[in-house]
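# Structural description and commentary
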Amino acid sequence: EAQVTQNPRYLITVTGKKLTVTCSQNMNHEYMSWYRQDPGLGLRQIYYSMNVEVTDKGDVPEGYKVSRKEKRNFPLILESPSPNQTSLYFCASSARTFYNEQFFGPGTRLTVL
Amino acid sequence: AQSVTQLDSQVPVFEEAPVELRCNYSSSVSVYLFWYVQYPNQGLQLLLKYLSGSTLVKGINGFEAEFNKSQTSFHLRKPSVHISDTAEYFCAVSANSGGSNYKLTFGKGTLLTVNP
C-alpha cells in the first residue's frame, strides 16, 4: 500500500530534550516536506526537500532541522524543543513537482512541557 | 510570494443543503490550486486540483471547484452535503514559477459542519 508513515504518532516531552520525528514514504517520491498545523493558522511549511541531499527552508524553519540522506526518509529534528513547538506535524511527499498530488502522513502530535 | 485567504473559518449547514467554501489567492505569477480535506484525527487528502485547461474542476465525493482568474478565486462547491462531509477543508496554492514549484501555501482552513 502506497503510504507516508510517521513515528511517533504522539509525543510528550520536556523543554530542551532533543527529539526526532521520522517520516518514510514507499512511493519513490523525490519531493518531501514537513508542515506544522496550529489552530487558526492552517498548515505552515517548515522544511522541504527536492531530492536526496537537497533541502530548503519553508515558512517557519526556526528551531528545526532536517536531513535527506535516503530518498524514502525525511526526519524532522528538534534539537532543543520549546513549548511554542507544541503542534501537530505532518510529513508529505509527492512525485517531482506540485503537478502531482501531495500524500500526507497521519500526523504526529507533539507536546513540549 | 503567494498567499491564500479562506473567507470563512466555519460553515455550518444542514444535510442535503448545498455548500460553497470560499478561497481567494494572491500571486504575481500563474498558479496551481488545490483543495484538501482533513477528516477528524486524520491526515490531509486531496479533493481536487486545478493545473490548467477547463476552469471547472471535479473532484472526489461530489465536490467541484471553479477557477476564476479575474477574481483570483477558487471556490469549492457541493450541491448536496452529507453528514460524512463534516471535516476541515484547506485551499492551497503553488506558484508556477519554474524551479520554485515546490512551495505549497495553505489557507487557514474552513471547518464544515453538516447537521442532521
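Presented here is a report on the structure given in the accompanying data block. (Residues numbered from 1 in each chain as written. Chains lettered and ligands numbered in written order. Predicted model: local features only at pLDDT ≥ 70, side-chain atom pairs only at ≥ 80, totals over all residues. Heavy atoms only, no water.)

So, on to the overall build of chain A. Summing up its helical and strand segments, chain A has 0 helices and 11 strands in all. Counting from the amino terminus, helix and strand elements in chain A follow one another as β-β-β-β-β-β-β-β-β-β-β. Each principal axis of the C-alpha distribution contributes one length, and for chain A these read about 40 × 30 × 25 Å. Each of the 113 residues in chain A was classed as buried or not, and the buried ones make up 50%. (Helix = DSSP H or I, 4+ residues; strand = E, 2+ residues; numbered from the N terminus. Buried < 20%, exposed > 50% of the residue type's maximum accessible area, 1.4 Å probe, protein only.)

It is worth spelling out the pairing of strand β1 (residues 4-7) of chain A at this point. All names here are of chain A. Of the two faces of β1, the one holding Val4 and Gln6 is buried and the one holding Thr5 and Asn7 is not buried anywhere. Taken together, the 4 bridges between β1 and strand β3 (residues 19-25) define a ladder with antiparallel strand orientation. By the bridge assignment, Thr5 is partnered in β3 with Ser24. (Pairing = 2+ DSSP bridges.)

This brings us to the state of the cysteines. Under the defined criterion, the tally for this structure stands at 2 disulfides over all chains. Paired by a disulfide, Cys23 of chain A and Cys91 of chain A hold their sulfur atoms 1.8 Å apart. Its S-S torsion of about -70° marks the bond between Cys23 of chain A and Cys91 of chain A as left-handed, since a negative value means left-handed. Placement of Cys23 of chain A in strand β3 and of Cys91 of chain A in strand β9 (residues 87-94) is noted, with a sequence separation of 68 residues between them. Residue Cys23 of chain A is classed as buried on the basis of its relative accessible area of 2%. The partner cysteine of Cys23 of chain B in its disulfide is Cys91 of chain B, sulfur to sulfur 2.0 Å. On the sign convention where negative is left-handed, the bridge of Cys23 of chain B and Cys91 of chain B, at about -65° about the S-S bond, is left-handed. One end of the pair, Cys23 of chain B, is in strand β4 (residues 23-26); the other, Cys91 of chain B, is in strand β10 (residues 87-95), with 68 residues separating them in the sequence. (Disulfide = S-S within 2.5 Å.)

Attention now moves to the interface of chain A and chain B. Facing 22 residues of chain A, the contacting portion of chain B comprises 21 residues. Here chain A packs against chain B, burying approximately 1,900 Å² in sum over the two surfaces, 60% of which is carbon and sulfur. Applying the counting criterion to the chain A and chain B interface returns 0 salt bridges. Here chain A is connected to chain B by 2 residue pairs in polar contact (both at pLDDT 80 or more). Among the elements of the structure, β4 (31-38), β5 (42-51) and β9 of chain A are those that each provide at least two residues to the side of chain A that touches chain B. Here the element with the most residues in the side of chain A that touches chain B is β5 of chain A; it accounts for 5 residues. Classifying every residue of the side of chain A that touches chain B gives 12 nonpolar, 7 polar and 3 charged. (Contact = heavy atoms within 4.5 Å. Buried area = accessible area lost by both parts, 1.4 Å probe. Salt bridge = Lys/Arg side-chain N within 4 Å of Asp/Glu carboxyl O. Polar contact = N/O pair within 3.5 Å; in protein donor to acceptor, adjacent residues only side chain to side chain. Nonpolar A, V, L, I, M, F, W, Y, C, P; charged D, E, K, R; others polar.)

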